[in-house]
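Coordinate analysis (summary)
Next come the chains, spelled out residue by residue.
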Amino acid sequence: MAILLLWLIFFKSHSCENIYKFFEEINENARVFNSIGADIAWQASLDPDKEGLAAISAKYQHKKIAWQHDACRTLKAMQDRRILNSTQERQAYLFCRGPKYYYKEAREMSNTYEELQSIYSNIQVCIPNSEQTTNMTDIETAILNYLSTVKEYLNEEKTEHSSIVAAKMALNVHVDNALLCLKGEEDFEKMMEFSRKPKVLEWLWLVWREKVQGMREPYKKLVNVENKAAWRNGYRDIGAAWREELELPNLREICRQLYRSIKPLYVLLHGVVRFFLRREYGDAVDERGPIPAHLLGDLWSQNWEPLADLILPNPINLDDRIKNLGWSVDDMIKRAEDFYTSLGLPGMTETFWRKSVYTREKHKMARCHGTAADMFKDGDFRLVMPFRC
Ligand SMILES: *[C@@H]1O[C@H](CO)[C@@H](O)[C@H](O)[C@H]1NC(C)=O
Ligand SMILES: *[C@@H]1O[C@H](CO)[C@@H](O)[C@H](O)[C@H]1NC(C)=O
């Protein structure tokens, strides 16, 4: 009996020690994998086509997936034997939850993301134009001329669908004989902000959507892969896996509540904006009901700031103010930092100021879309945000 007890105690402590070591090992490996992954992502955002990066990324993915599946298999066996304490149970759950990809699927997913990103960032729409354009007003005029040419061609002044036809036709203009091209989100956004001509705005809105349709097929592919990986780990679909991450069983109710509480304010704001837009655009905006999406100053109708001068009695032009202050990019980021430290968060680290990228000077190929990165090394957080692309 004594021997058995001794053996049990020995086995138990030994096993605990092993479990402890196993978790330490997972921690250490996770740190290494995360920092390699962050480094690959960082390089990709500075130079997406960097030679050899795709191969490194594939190899990394292969190793990481094999490691994670192995570790989760071991953890599952430990959970089945009920030898983990509550902290370890929780850690095992956090580590192994979510969609479970096989290597091939993970590759397909990365490639599809890449494809989507490339379609999106290379969007370009050109129209014939007989004159050089030097400013936004010129571009607006060129678009209006183009639209009236299409109308003439269609030989009808007031078809409801002429704008859609004009958008579809613009996609077929060959770049060679076009003098005016709008490139990427940035050009489109600038025009959406600038123009106050409903026809121009409608065309921009439509042609953008015609163009991004190319993302539909790759996106479907992506959803299929992600759903498959979610099913494999017991979720209904990838959406369920994402929602579960929040660990709020009544998530839907919380969202409905938030919506209900914000709705009265939103309805008022919507009414005020509609009133002022009607003043500007007349019957293009109904007195009641929804506001046409293309009139809200933004490609997605989500940022209404460009409408400020129509609505506020004394609008402040922040761009001009900042220019007058002579702030550098560093100054702007420091002021943003002031905001966060005023909320009680720690200031940015020395590495942040040293490694972040704000201009494309040394990184010509850097993606224009701002990204923040945790490099999974002490204090190494970075920002890539080329302020002028
Ligand atoms: C579980 O074990 C780990 C490692 O020995 C320990 O750090 C942790 O505090 C334990 N948790 C509980 C709830 O006993
Ligand atoms: C835009 O440029 C044209 C010349 O291409 C000029 O005639 C016009 O005044 C400019 N408009 C503005 C607002 O600067």
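The rules behind each value
- Residues numbered from 1 in each chain as written.
- Chains lettered and ligands numbered in written order.
- Predicted model: local features only at pLDDT ≥ 70, side-chain atom pairs only at ≥ 80, totals over all residues.
- Helix = DSSP H or I, 4+ residues; strand = E, 2+ residues; numbered from the N terminus.
- Rg over C-alpha atoms; globule rule 2.2 N^0.38 Å.
- Buried ≥ 20, exposed ≤ 12 C-beta atoms within 10 Å, placed from the backbone.
- Contact = placed C-beta atoms within 7 Å.
- Near = placed C-beta within 6 Å.
- Nonpolar A, V, L, I, M, F, W, Y, C, P; charged D, E, K, R; others polar.
- Pairing = 2+ DSSP bridges.
- Domains from an automatic or database assignment.
- Core = buried A, V, L, I, M, F, W, Y, C linked by C-beta atoms within 7 Å.
- Expected span 1.5 Å × (residues − 1).
- Axes fitted to C-alpha atoms, helices over the stretch in contact; angles between N-to-C directions.
- Parallel < 35°, antiparallel > 145°, perpendicular 65-115°, else oblique.
- Left-handed = near helix turned anticlockwise from the far one by under 90°.
- pLDDT = per-residue confidence, 0-100.

**With respect to the overall build of the protein chain**
The number of helices and strands found in the protein chain is 15 helices and 4 strands. Scaling as 2.2 N^0.38, a compact globule of 389 residues should have a C-alpha radius of gyration of about 21 Å, whereas the protein chain reaches 27 Å, well beyond that. Overall size of the protein chain, expressed as C-alpha extent along the three principal axes, is 100 × 45 × 45 Å. Burial status across the protein chain gives 13% buried among its 389 residues. Contacts spanning at least 24 positions in sequence make up 67% of the contacts within the protein chain whose residues lie at least 6 apart.

**Observations regarding the site of ligand 2**
By nearness alone, every residue bordering ligand 2 is listed as Thr134, Asn135, Thr137 and Asp138. Of the residues contributing to the shell around ligand 2, the split by class is no nonpolar, 3 polar and 1 charged.

**Observations regarding the pairing of strand β3 (residues 371-374)**
The sheet contact formed by β3 and strand β4 (residues 381-384) spans 4 bridges and is antiparallel. Looking at β4, one finds that Ala372 is bridged to Leu383. Counted between consecutive antiparallel strands, the loop separating β3 from β4 contains 6 residues, among which Phe376 sits at a positive phi close to 55 degrees.

**Quick notes on the domain arrangement of the protein chain**
The domain boundaries assigned to the protein chain delineate domain 1 (123-215), domain 2 (251-315) and domain 3 (326-384). The partner domain 2 presents 10 residues to the 10 residues of domain 1 that form the contact. Contributing elements (two or more residues each) for the side of domain 1 that touches domain 2: α7 (184-194) and α8 (198-212). Broken down by element, the residue count for the side of domain 1 that touches domain 2 peaks at 5 residues, all from α8. Each residue belonging to the side of domain 1 that touches domain 2 can be placed in one class, and the counts come to 6 nonpolar, no polar and 4 charged.

**Brief notes about the environment of Leu299**
By secondary structure assignment, the location of Leu299 is in the loop between α11 (251-281) and α12 (308-311). The spacing of Leu299 and Ala66 is 233 residues in sequence and 42 Å in space, taken between C-alpha atoms. The residues touching Leu299, leaving out its near neighbours within four places in the chain, are Phe188, Glu189, Met192, Trp205 and Trp208.

**Examining the nonpolar core**
Of all hydrophobic cores here, the largest spans 26 residues; its most connected members are Ile143, Trp203, Leu204 and Val207. With 7 residues, the top contributor of residues to this core is α8. Counting contributing residues, this core receives three or more from each of domain 1 (123-215) and domain 2 (251-315). Val207 has contacts with Val125, Ala167 and Ala170, leaving out every residue within four places of it along the chain. Counting residues in hydrophobic clusters, the runner-up holds 7 residues, among them Tyr101, Val225, Ala230 and Ala241.

**Observations regarding α8**
In this model, α8 (15 residues) spans 21 Å end to end at C-alpha, consistent with the 21 Å of a helix rising 1.5 Å per residue. Residues of α8 that are buried sit in contact with β1 (124-127), α5 (136-154), α6 (162-170) and α7.

**With respect to the site of ligand 1**
If you check the shell around ligand 1, you find Tyr20, Asn85, Ser86, Thr87 and Gln88 and nothing else. No other element matches helix α3 (residues 86-96), which puts 3 residues into the shell around ligand 1. When its residues are assigned to classes, the shell around ligand 1 shows 1 nonpolar, 4 polar and no charged.

**Remarks on unusual backbone geometry**
At Arg82, a position not held by glycine, the phi torsion is positive, near 55 degrees. Its location among the elements puts Arg82 in the loop between α2 (53-80) and α3. For Arg82, a count of 7 C-beta atoms within 10 Å corresponds to the exposed category.

**Let's talk about the packing of α6 against α8**
Relative orientation of the contacting elements α6 and α8 amounts to 50 degrees, with a least axis distance of 9 Å. Between α6 and α8, the angle falls in the class oblique. When the axes of α6 and α8 are compared, the crossing they make is right-handed. Taking contact as the criterion, the partners of Ser163, Ile164, Ala166, Ala167, Lys168 and Ala170 in α6 are, on α8, Glu202, Trp203, Leu206, Val207 and Glu210.

**Considerations on the confidence of the model for the protein chain**
When the pLDDT values of the protein chain are averaged, the result is 90; 94% of them are 70 or greater. Within the model, the stretch residues 5-14 combines pLDDT values under 50 with 0 contacts to residues more than four positions away or in other chains.

**Focus on the packing of α5 against α8**
Where α5 meets α8, the axes come as close as 10 Å, and the angle between the chain directions of the two elements is 85 degrees. The angle between α5 and α8 places the two elements in the roughly perpendicular class. From α5, Glu140, Ile143, Leu144 and Leu147 reach across to α8, where they touch Lys199, Val200 and Trp203. For the contact of α5 with α8, the per-class residue count stands at 5 nonpolar, no polar and 2 charged.

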